[in-house]
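# Chains, contacts and geometry: an overview
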Amino acid sequence: MKVFVVYWHPEPQSFNAAMFRTACEMLAEAGHEVKTSDLHEMHFDPVSSRNNFRSVKDPDYLKLQLEEMHATGIKGFSAEIEAEMEKLEWCELMIWQFPLWWFGLPAVLKGWVDRVFAMGRVYGGGRIYETGVFRGKRALLSLTTGGPEEAYRKGAFNGDITAILRPIHRGMLQFVGFDILAPQIVYGPIRLTDEQRKQHLASYAKRLQEIAHESPIDVGIY
Ligand code: FAD
């Protein structure tokens, strides 16, 4: 299987970094082809702008989706965006590794989505959800939190983690056609013992060995 791992964390010694390395090593060991985007190491610019394109159709007024459709037609995306799009198109499974920040994606990963999920190339023209460009591909969110698991249950003060992840699952990944695998969540790694953290890495590695056979989950339409 072709697997694309997109990862962002500002600290290479973080637990997220350990999750990222575990995934890359285990997937390769299991015989999968792996490509990565380590957005921090790449100094990926998360700000969507004219820099998304080699040239623009309208230099006087930046209308991103119109420029995205134009760039789709003329192969006009900038080299850094084109490289990300090619990895996205190449993969059969995409994994995003990140710490939950403000109940969402950290800014650089969100900016990666803003810039790479471009109208015309990645969605649009009736190609959304079940008719999305990437139907048949699967996506997995692998994340960590600061809060403990009991804070992320229905009725708890943070509320149900499924509802928190829904804008990502439904609004980004399913929107462009991906099927969704159950998220891999390590709640509050800083609260755990070293041994417990190592167990989480081992159980993630074990899961990844069989990931090709996993079925998607239903994220619901509310
Ligand atoms: P780290 O602190 O890097 O790691 C935890 C521990 O694991 C460390 O002791 C580290 O040394 C150790 N470790 C590293 N590698 C290994 C290894 N190989 N084996 C064993 N141990 C290892 N939390 C929420 O719950 N909800 C929010 O909305 C939220 N918003 C945030 C917004 C911001 C701006 C910030 C900065 C934080 C926010 N947080 C939130 C907290 C954040 O989600 C957590 O701090 C983060 O997910 C923890 O993951 P980490 O990789 O940074 O952990």
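Structure shown above.
Treat the numbers as computed from the prediction; the structure is a model and nothing was measured.

Our focus in this paragraph is the nonpolar core. Within soluble globular proteins, side chains that are nonpolar generally end up buried alongside one another. Within the largest apolar cluster, 46 residues are counted, with the highest numbers of intra-cluster contacts made by Leu-88, Met-94, Trp-96, Trp-112, Phe-117, Ile-168 and Leu-173. When contributions to this core are tallied by element, the ones reaching two or more residues are β1 (2-7), α3 (79-90), β3 (93-99), α4 (107-116), β4 (138-144) and α5 (161-174). Element by element, the count of residues in this core is highest for α5, at 6 residues. The residues touching Met-94, leaving out its near neighbours within four places in the chain, are Phe-4, Val-6, Leu-88, Trp-112, Phe-117, Arg-138, Ala-139, Leu-140, Leu-173 and Phe-178. One finds Ala-18, Ala-23, Leu-140 and Ala-205 within the second-largest nonpolar core, a separate group that totals 22 residues.

So, on to the site of the ligand. Contacts to the ligand come from 22 residues, most closely from His-9, Asn-16, Leu-100, Thr-144 and Tyr-152. Between the ligand and Phe-103 there is a distance of 2.8 Å, counted from an oxygen atom to a backbone nitrogen or oxygen. One of the side-chain N or O atoms of Asp-194 is found 3.3 Å from a nitrogen atom in the ligand. Elements with a minimum of two residues in the shell around the ligand: α1 (15-29) and α6 (194-209). The element contributing the most residues to the shell around the ligand is α6, with 4 residues. Class assignment for the residues of the shell around the ligand results in 11 nonpolar, 8 polar and 3 charged.

Our focus in this paragraph is the pairing of strand β2 (residues 33-38). Where β1 meets β2, 6 bridges bridge the pair, whose relative direction is parallel. When the sheet's bridge partners are listed, Tyr-7 is paired in β2 with Asp-38. In this fold, β1 hands off to α1, which returns the chain to β2; that crossover is right-handed.

This paragraph deals with α3. Under the 1.5 Å per step criterion, the end-to-end length of α3 is 16 Å for 12 residues, consistent within 8% with the ideal 16 Å. Ile-81, Glu-82, Glu-84, Met-85, Lys-87, Leu-88 and Trp-90 are the residues of α3 that are buried. Those residues of α3 hidden inside the fold are in contact with β1, β2, β3 and α4.

Basis of the calculations
- Residues numbered from 1 in each chain as written.
- Predicted model: local features only at pLDDT ≥ 70, side-chain atom pairs only at ≥ 80, totals over all residues.
- Heavy atoms only, no water.
- Core = buried A, V, L, I, M, F, W, Y, C linked by side-chain atoms within 4.5 Å.
- Buried < 20%, exposed > 50% of the residue type's maximum accessible area, 1.4 Å probe, protein only.
- Helix = DSSP H or I, 4+ residues; strand = E, 2+ residues; numbered from the N terminus.
- Contact = heavy atoms within 4.5 Å.
- Near = heavy atom within 4 Å.
- Polar contact = N/O pair within 3.5 Å; in protein donor to acceptor, adjacent residues only side chain to side chain.
- Nonpolar A, V, L, I, M, F, W, Y, C, P; charged D, E, K, R; others polar.
- Pairing = 2+ DSSP bridges.
- Right-handed = clockwise from strand over helix to strand, strands pointing away.
- Expected span 1.5 Å × (residues − 1).

These figures come from the coordinates and say nothing about function on their own.
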